[in-house]
Amino acid sequence: MRQALEPAWEAKLSPQTYGFRPGRSCWDAIEAIFHGIKFRPQHALKVDIATCFDRICHDALLAKTQAAPVLRRQLKAWLNAGIMEDHQLFPTRAGTPQGGSCSPLLALMALHGMDEAITRVHPRARVIAYADDCVVRHADRHVLEHCQQLLLTWLAEIGLTLNAAKSRISHTLEGDQPGFDFLGFHIRQYRVGKYHSGKGPGGHRLGYKTLITPAKANIQEHLAALGRIIRRSKALPQGEVINQLNPKIRGWANDYRIGVSQAVYARLDHLTWVKLRRWAHRRHPTKSMGWALERYWHRVGTRRALATSPIRPEAVYLPTHQEVVSTRHVKVTGNRSPYDGDWVYWSIRQGRHPSASPSVAKRLKAQHGRCRYCGLFFPHDDRIEVDHLNGDRRASRSSNLQALHGHGHDAKTREHEDYLPPGMRDKHQDTEERCARKRACAVLEQREAE
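Residues numbered from 1 in each chain as written. Predicted model: local features only at pLDDT ≥ 70, side-chain atom pairs only at ≥ 80, totals over all residues. Heavy atoms only, no water.

Asks: Requested: an account of the confidence of the model for the protein chain, with residues and values cited.
Replies: Taken over all residues, the pLDDT of the protein chain has a mean of 84, while the share at 70 or more is 92%. Model confidence for the protein chain, summarised as mean pLDDT per element, is weakest for helix H16 (residues 422-427) at 48 and strongest for helix H9 (residues 216-231) at 95. Per-residue pLDDT stays below 50 along residues 422-429; that stretch engages in ten contacts with residues further than four places along the chain or on separate chains. (pLDDT = per-residue confidence, 0-100. Helix = DSSP H or I, 4+ residues; strand = E, 2+ residues; numbered from the N terminus. Contact = heavy atoms within 4.5 Å.)

Below, the structure written as structure tokens:
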């Protein structure tokens, strides 16, 4: 059912909708907000829909699907199937089935058109939605207050309402409490001096800087989770404690690596060290802290880390949050979708695509979409081939493979005097001139742009 409905709805959904869609994530929503406010402070309306999945009106949802009769009948049967709990059937007169594979897509169908209800009245307002959370941006606070009323009216038509406790209007730079939390990040702008100021499109200093950091509530929740693991591990072996903490630390740090998080990572590493020091003292209350350090902490590279052994190769050690390097996420372009047929774009972005072989997709992502021979980007309609760097086709390890244009592959083969079948020689004539012409055009375009 989902495979039948999702491709058609991917072409209808707004490009500013990021939740529960293939090829999109919360990082794309955060980057969209950053690009919208980095050159001008604005007011932001943080919108949270109260119990969205449990209150969607079935009639309004089915009317929006515009599906074929056979799909419509099946959707209606699922929506009205009810919930079985303790051998008792509870009817479902509203909402979508929780945990179902179609539930996220049905929620997107129900919320489709929410941004149009605002931009039709206020064209300069910008709506960025992620599932049942959304942010509306505008320079005027009164416009956002009107947008909130428009949302209340529009949501009432599908049986939903706003969560007043979590919905608020704030300014990104001014006010008593500037900034707002969205999807676990805190988005805010700070007044800074000229040496730390951000710059506008013309190179002039803005006088402020936009920073996106992990939200305080999420930091406290993560620290509490680490504390619970350490407290219940008083009698566990050292290696088991490390194995339980590893996925928590690596996963959380990777989730927030697109923001300005290194200061937060350093603070979390210090507080984790304090908790582990207390854990070691509880295990050996009569021993000194120096003895505990020698017993549990060993040198790993240039630092001391909680490790099972300093010499054994199978030894495990506890990583730190700061080991995860901060990276800038590249937002998905426009209304692109994995169903649009551009397998080159999605292979470069994700390293996989049903229309591309795993070898080609992996090489495209590793090479950032460029041909190793001519240095140009791969367009969608180009012929792409996998080449062996040393010419040995038996050595097919990943480090010996590269993606090249078809004609570039032939030119590289000739240069290295590898064997080329006679038919291929007639098929691709003057390949060296074509590559040189492309490189010359790229250089001229770059000079003209400069």
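The rest of the description comes next.
Asks: Talk me through the state of the cysteines; I want residue IDs and the actual numbers.
Replies: One pass over the full model with this rule turns up zero disulfides. Cys 57 forms no disulfide, and the closest cysteine sulfur to it belongs to Cys 52, at a distance of 13 Å. (Disulfide = S-S within 2.5 Å.)

Asks: Explain the pattern of salt bridges residue by residue, including any values.
Replies: Taken as a whole, this structure holds nine salt bridges when the rule is applied. Residues Arg 141 and Glu 145 are paired through a salt bridge, measuring 3.6 Å at the closest nitrogen-oxygen approach. Of this pair, Arg 141 and Glu 145 both sit in helix H8 (residues 141-156), four residues apart, roughly one helical turn. Given a relative accessible area of 35%, Arg 141 falls into the partly exposed group. Notably, a salt bridge pairs Arg 336 with Asp 342, separated by 2.6 Å at the nearest N-O pair. The buried category is assigned to Asp 342, whose relative accessible area is 16%. (Salt bridge = Lys/Arg side-chain N within 4 Å of Asp/Glu carboxyl O. Buried < 20%, exposed > 50% of the residue type's maximum accessible area, 1.4 Å probe, protein only.)

Asks: So what about the sheet that holds strand E9 (residues 208-214)? Which residues, and what values?
Replies: Reading across the sheet, the three strands line up as E7-E8-E9 and stay open at both edges, with antiparallel pairing between neighbours. Of all the strands in the sheet, the pair left with one neighbour each is strand E7 (180-182) and E9. Strand-to-strand, the axes of this sheet are offset by a mean angle of 30°, without reference to chain direction. The sheet contact formed by strand E8 (residues 185-191) and E9 spans seven bridges and is antiparallel. Looking at E9, one finds that Phe 185 is bridged to Pro 214. (Pairing = 2+ DSSP bridges. Axes fitted to C-alpha atoms, helices over the stretch in contact; angles between N-to-C directions.)

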